[in-house]
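# Structural overview for review
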Amino acid sequence: MIEAVDLQKTFGRVHALSGVSFAVPPGQVTGLLGSNGAGKSTTIRIITGYTSPNAGWVRVGGVLASRDPIRVRRSIGYLPESAPTYGEMPVQSLLSFRASLHGLHGKARKQAVCQAIDSCGLQAVRRRRVGQLSKGYKQRVGLATAILHDPPVLVLDEPSNGLDPGQITETRSLIRRLAEGRTVLVSSHILPEIERTCDRVVMLARGRLCAEGDLKTLLAGGEHELVAEARFRTPASSSEALARARAIEGVDRVLPRAMDGGVARWRVEFDPASIDEAELRRTIGALLASVGAEVRLLERERASLEQLFLRLMEQGPETQADDAEPGSKA
Amino acid sequence: MRSFRVAWAIAGREFAALFRVPVGWLVLALYAGLWGGMFVQFVLVPGAPATLRPLFATAAWLMLPIAPAISMRLFSDELRTGSYELIATSPVGDLVLAIGKFAGAGLFLLAMLVATLPLVVVLLMVSDPMPDIGPMLAGYLSVSLLGVLFLSVGLLASTLTASQTLSFLGAMLALFVWLLATTAGRSRAPEGIAEVLALLAITDRLEGFAKGVIDTGDVVFFVVLTGWFVLASSVCLSVRRWL
């Protein structure tokens, strides 16, 4: 488990982090999101011990990073962004060297290197120099160095960077597999990838926490909206239905969008205190049937992570947490 | 024991890396070439005494560009490529890291000196009577001590910048000022400062070794200063974490 509490970091006059607090529970994959300059890399660098916060603290597996940094670093497997490494070294030698840094020697080191090579599909390039490998393979080497010592905590910065679609799928499966019994924090710009890989998300904006929580809950609980899609026989029937929908009690707004073939798509925003979602769905269904429209879709609007991300970035750093975990407020 | 093993692993990687990059071979060739040239010019002269003293006496000036060329990539290159992030987030203390890097460069320096041993063999073969081995051993010890001291200064410079060029120039300039101040500068300095400069004079101490005299005080001088610069390098690495 990773706990970050009230992290603050300044670079000169720039406040990279201003009181960021969040938790990454074990056995789950947590995504760290934010636009450029939001403070993701600084947060990751503080967790991994590369840099120290000006204020606040980080605890990894119950150990305070400021009190026992070596022990904390031993428990973390880290893949930095763009997987920097020693280009002049053959893959196997590099992994062997990295294993030595983690205190693995002799048989244990050989075994760890072989396992990491197998897990990351590096058999074909194990004797080649890292600098001669493709970006995708370099990324895999970075992943292999991160999992080499079987750490309980994995911190992966842009793990899908430079990978082809097949490799992205493989990496996703690998991360999901590695997450079993581990604490995994993944930072990525590829939002659909985060949506597929992560159970939880932590979003940063301008150095502050703007959302933290279970991904499904965040996506489902963001808006009280229904989406209706129907084919109307005439434009007049469409206009009539729209006017009647807007008049339904509890409906705040209906935003129509014309599509091909006489199909219209409505986004219906409603006040859950005034009308129940199921009742609204029944009312709109009956309304559309009464004007002879063919209903194609009538369901709760589910925002994509991209939509949620953009909305929160626009709103700025005001905490939205789905649960009351310690340290969930900025 | 664990720290020693880790430092040894870092030293081994650093030593091997210097042979994997052109700059390593270039430095090796340059040093062997400089020694070879001076050997032919000043030692392999008919009627001249059979001794390597001219080489050992100028060792400080010869080492001036060589040591910074070896040390410039130790941390600067890692900082430039970003691989420093990997070792800095490994479970390795900053002092162990600095010692490992320094030891790797030191091993390379020893390899460089081993490359000059054929000159000793040639001298032994062509000299009659045989030259005294004692001053030669003392001379090699002095060059080793001098080399590692210069490397430690270069190590410190490389922790301060991500630019290998700046690291090289910074270390060379610092060493040049040191040598100049403790030789030519000493005679012009006020008495109190001249005494301090005399204490820090490297060339004076090398002369003793060149004569075949190993003074414990001279050895301690090199060891303590080297240790100080390695320690300062580790402090710089720790300070980096707070920036």
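An account of the accompanying structure is given in this report. (Residues numbered from 1 in each chain as written. Chains lettered and ligands numbered in written order. Predicted model: local features only at pLDDT ≥ 70, side-chain atom pairs only at ≥ 80, totals over all residues.)

### Looking at the nonpolar core
Worth spelling out the cut-off: Only buried residues count toward a nonpolar core: Ala, Val, Leu, Ile, Met, Phe, Trp, Tyr and Cys, linked into one set through C-beta atoms within 7 Å. Burial is judged by counting other C-beta atoms within 10 Å of a residue's own C-beta: 20 or more means buried, 12 or fewer means exposed, and anything between counts as partly exposed, with every C-beta placed from the backbone. Only runs of H or I of at least four residues qualify as helices and only runs of E of at least two qualify as strands under DSSP, and these elements are numbered from the N terminus. Note on contacts: each residue gets a C-beta atom placed from the backbone, and two residues are in contact if those atoms are within 7 Å.
Judged by nonpolar contacts, the single largest core of 140 residues is most densely connected at A144(A), M203(A), I70(B) and L146(B). Here this core gets 14 residues from one element, more than from any other, and that element is helix α9 (residues 133-160) of chain B. With residues near it in sequence (within four places) discarded, M203(A) still touches L33(A), G34(A), C210(A), A211(A), F309(A) and L312(A). In terms of nonpolar packing, the next biggest core, distinct from the first, is built from 15 residues, L226(A), V254(A), V268(A) and F270(A) among them.

### Topic: the sheet that holds strand β14 (residues 294-300) of chain A
Two orientations exist for strands paired in a sheet by backbone hydrogen bonds: parallel and antiparallel. Residue and element names in this part refer to chain A. Selection rule: Strands were regarded as paired on the criterion that DSSP finds at least two bridges between them. What counts as an axis is a line fitted to C-alpha atoms, over the stretch in contact for a helix, and the angles between N-to-C directions run from 0 to 180 degrees.
Within the open sheet, the 4 strands sit side by side as β12-β13-β11-β14. Their pairing is antiparallel. This sheet does not close on itself; its edge strands, each paired only once, are β12 (251-258) and β14. Neighbouring strand axes in the sheet, compared pairwise and without regard to direction, differ in orientation by 15° on average. Note that strand β11 (residues 225-231) and strand β13 (residues 263-270) share 7 bridges and pair antiparallel. The residue of β13 that forms the bridge with L226 is V268. Helix-sheet contacts for helix α9 (residues 235-246) involve β12 and β13, and the interaxial angle to β12 is about 160°. Strand contacts of helix α10 (residues 277-290): β11, β13 and β14, with the helix running at about 170° to β14, the strand carrying the most contacts.

### Thoughts on the interface of chain A and chain B
How we decide: Any residue outside Ala, Val, Leu, Ile, Met, Phe, Trp, Tyr, Cys, Pro, Asp, Glu, Lys and Arg is labelled polar, Gly included; the first ten of those are nonpolar and the last four are charged.
Counting residues at the interface gives 20 residues for chain A, matched by 21 residues for chain B. Elements represented by at least two residues in the side of chain A that touches chain B include exactly α2 (69-74) and α3 (91-101) of chain A. Split into classes, the residues belonging to the side of chain A that touches chain B amount to 8 nonpolar, 9 polar and 3 charged.

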